[in-house]
Amino acid sequence: MKLIMFGTREDEKEAALSWAEKNNVEVTFNPGPLTLENVHLLAEYDGLSTSQTAPFEDDIYEQIAAQGIKQVAQRSAGFDMFNLEKATAHNLIISNVPSYSPNAIAEYAVTAAMNIIRNTEKIQNKVKQHDFTWNKSIISKEMRSMTVAIIGTGRIGTIAAQIFNGFGAEVIGYDLYPNEKAKAFLTYTDSLEEAIEKADLISIHMPLTKENTYMFDKSLFAKMKDGVFIVNTARGKIVNTKDLLDALNSGKVAAAALDTYENEAPYFPKDFSDKSVEDDVLLELIQREDVLISQHIAFYTETAVMNLVEGGLDSAKQVIETGSCDNRVN
Ligand code: NAD
């Protein structure tokens, strides 16, 4: 069997080579995404894995199928970059890796929360200017004195709740479908509003859906406590960024940690150090001391990368051998 891995990063190769040896499969690496320009490469392979961040081109499904390929195994939990109807119409099985290390994202969310609560960036900026004074702009709260609301209490939200709970915070949570496991670490509220109104810190852990697109907007910020902290490691479009900036400017939100940004696709995870960033909102988020923004990196641990590579290649192999796979999403 011959597989090709598109969008391969250097850090994925070790796990892929060891999977290839163990499974007696030939795996070829391609650093770029799968596009209409390179889709012809598939003619030499039995299957593929992708690491798409931007949406697939609409005409590509037909081209993939025309090369005799039966599947696309995405190496991420998210699969919003695919047009599932088009894929199904061309008999392509799309798969994801639904859970590769919820701890990775939960730990990052708590790390980011601690950074904004403790004013780490402001403190470092002062120290770099050799201003070693203590003053009110950098005094901080303690987690144990805070109420933390977890919005979305699935795999990641439950672990985040467990860690916040370990710090001594009072953890509350809201989910459309409360789960028993989370109840060990948080108390459910009856509504989103109740959680939002009580929280000193809100950590978002739900998938992006039609219902929650821009859910965190002007009207929801208005219901929050003054000086609330917001952490979003879920999806950028859950938060209306312009409304968030207004809420930061008015002091309603004390600080925000964003690992995702609604218009991140052109930039994350690419190197723009010698190119100009044209997005004024992103530039403002980057330069603000009350915003900690990162390049959708919460998942990025050694364990998660290994599980993603193995999960993607397993699915590709399973479809080729059996005609379907456990992690099929269409
Ligand atoms: P999950 O499916 O285990 O849990 C999501 C929870 O959100 C579910 O319990 C669901 O009922 C709840 N939910 C859905 N819509 C809701 C709504 N409108 N209101 C309240 N609750 C709602 O998913 P997970 O594995 O915990 O992942 C959560 C999200 O984290 C993913 O969907 C993804 O967007 C994000 N994520 C980010 C990174 C990163 O690197 N930043 C990596 C992986 C996942």
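Residues numbered from 1 in each chain as written. Predicted model: local features only at pLDDT ≥ 70, side-chain atom pairs only at ≥ 80, totals over all residues. Heavy atoms only, no water.

Quick question: what am I supposed to make of the overall build of the protein chain here?
Within the protein chain, the secondary structure is distributed over 11 helices and 12 strands. Against the compact-globule benchmark of 20 Å for 330 residues, the protein chain has a radius of gyration of 22 Å, which places it among compact chains. Considered along the principal axes of its C-alpha atoms, the protein chain spans approximately 65 × 50 × 35 Å. Scored against the burial criterion, the 330 residues of the protein chain give a buried share of 47%. Across the protein chain, the fraction of contacts at a sequence separation of at least 24, relative to all contacts at a separation of at least 6, is 67%. As displayed, the protein chain offers around 16,500 Å² of accessible surface, 50% of which is attributable to carbon and sulfur atoms. Between the averaged position of the 31 positive side-chain charges in the protein chain and that of its 48 negative side-chain charges there is a distance of 4 Å. (Helix = DSSP H or I, 4+ residues; strand = E, 2+ residues; numbered from the N terminus. Rg over C-alpha atoms; globule rule 2.2 N^0.38 Å. Buried < 20%, exposed > 50% of the residue type's maximum accessible area, 1.4 Å probe, protein only. Contact = heavy atoms within 4.5 Å. Areas by Shrake-Rupley, 256 points an atom, 1.4 Å probe, with all protein chains shown as cover. Lys, Arg positive; Asp, Glu negative; His and termini not counted. Charge placed at Lys NZ, Arg CZ, Asp CG, Glu CD.)

Where do I start with the sheet that holds strand β5 (residues 93-95) in this structure?
Either a parallel or an antiparallel arrangement is found when strands of a sheet pair, and the pairing is made through backbone hydrogen bonds. One open sheet holds the five strands; their spatial order is β2-β1-β3-β4-β5, and the pairing between them is parallel. At either end of the open sheet lies a strand with only one pairing partner, and these are β2 (26-29) and β5. Neighbour-to-neighbour, the strand axes of this sheet turn through a mean angle of 20°, independent of strand direction. Direction of pairing for strand β1 (residues 2-5) relative to strand β3 (residues 47-50): parallel, over a ladder of three bridges. Among the inter-strand pairings, Leu 3 is bridged to a residue of β3, identified as Gly 47. Its contacts with the sheet put helix α1 (residues 10-23) on β1 and β2, and the angle it makes with β2 is roughly 160°. (Pairing = 2+ DSSP bridges. Axes fitted to C-alpha atoms, helices over the stretch in contact; angles between N-to-C directions.)

Can you walk me through the site of the ligand in this structure?
Residues in contact with the ligand amount to 22 residues; listed here are only the nearest, Arg 155, Ile 156, Asp 175, Thr 233 and Asp 259. Measuring from a nitrogen atom of the ligand, one finds a side-chain N or O atom of Asp 259 at 2.9 Å. Split by residue class, the shell around the ligand holds 12 nonpolar, six polar and four charged. (Near = heavy atom within 4 Å. Polar contact = N/O pair within 3.5 Å; in protein donor to acceptor, adjacent residues only side chain to side chain. Nonpolar A, V, L, I, M, F, W, Y, C, P; charged D, E, K, R; others polar.)

Can you help me understand the side chain of Glu 262 in this one?
As for its placement among the helices and strands, Glu 262 is situated in the loop between β11 (253-258) and α10 (280-287). Polar contacts involving the side chain of Glu 262 include one to the side chain of Tyr 214, which spans 2.4 Å. One polar contact links Glu 262 to Thr 241, side chain to side chain, over a distance of 2.6 Å. Not counting residues up to four positions away in its chain, the partners in contact with Glu 262 are Tyr 214, Gly 236, Lys 237, Val 239, Asn 240 and Thr 241.

Explanation requested: the packing of helix α9 (residues 241-250) against α10 in the structure shown.
Between two packed helices, both the angle of their axes relative to each other and the distance between the axes serve to describe the pair. Following both chains from N to C, one finds α9 and α10 inclined at 35°, their axes separated by 11 Å at the closest point. By crossing handedness, the relation of α9 to α10 is classed as left-handed. Residues Thr 241, Lys 242 and Leu 245 of α9 form the contact with α10, whose participating residues are Val 281, Glu 284 and Leu 285. Partitioning the contact of α9 with α10 into residue classes produces three nonpolar, one polar and two charged. (Left-handed = near helix turned anticlockwise from the far one by under 90°.)

Any chance you could explain the environment of Ser 324 here in plain terms?
Turning to its location among the elements, Ser 324 is positioned in the segment after α11 (302-322). Owing to a relative accessible area of 28%, Ser 324 belongs among the partly exposed residues under this scheme. Linking Ser 324 and Ile 4, residues 320 residues apart in sequence, is a C-alpha distance of 18 Å. Setting aside anything within four residues of it in sequence, one finds Ser 324 in contact with Ile 93, Gln 318 and Val 319.

In this structure, what is going on with the sheet that holds strand β7 (residues 170-174)? I would like to understand it.
Strand order in the open sheet formed by seven strands is β8-β7-β6-β9-β10-β11-β12, with parallel pairing between adjacent strands. With partners counted over all chains shown, the strands left at the sheet margins are β8 (187-188) and β12 (291-293), one partner each. Contacts between helix α4 (residues 102-117) and the sheet are confined to β9 (201-204), β10 (228-232), β11 and β12, with β10 contributing the most and set at about 150° to the helix. Contacts from helix α6 (residues 155-166) reach β6 (147-151), β7 and β9 within the one sheet, and its direction differs from that of β6 by about 170°.

It is not clear to me how the pairing of β10 should be interpreted in this structure. Could you clarify?
Consecutive side chains of a regular strand alternate in pointing toward one face of the sheet and then the other. Most of β10 sits inside the fold, with five of its five residues counted as buried. Of the two faces of β10, both are covered, the one formed by Val 228, Ile 230 and Asn 232 as well as the one formed by Phe 229 and Val 231. For β9 and β10, the ladder comprises four bridges, and the chain directions are parallel. The partner of Ser 203 across the bridge, within β10, is Val 231. As paired strands, β10 and β11 are joined by five bridges and run parallel to one another. Looking across to β11, one finds that Ile 230 is bridged to Ala 256.

When you look at the pattern of salt bridges in this model, what are you seeing that I'm missing?
Note that side chains of opposite charge can pair when their charged atoms are close. One pass over the full model with this rule turns up 15 salt bridges. The partner of Asp 58 in a salt bridge is Lys 86, and the shortest N-O contact between them spans 3.7 Å. Of this pair, Asp 58 sits in the loop between β3 and α2 (60-66) while Lys 86 sits in helix α3 (residues 84-89), and the two are 28 residues apart along the sequence. Accessibility expressed as a relative area gives 41% for Asp 58, which makes it partly exposed. Here Lys 86 falls in the partly exposed class, since its relative accessible area comes to 31%. Across the salt bridge formed by Asp 290 and Arg 288, the nearest N and O atoms sit 2.8 Å from each other. The pair Asp 290 / Arg 288 is uniform in exposure class, with both members buried. (Salt bridge = Lys/Arg side-chain N within 4 Å of Asp/Glu carboxyl O.)

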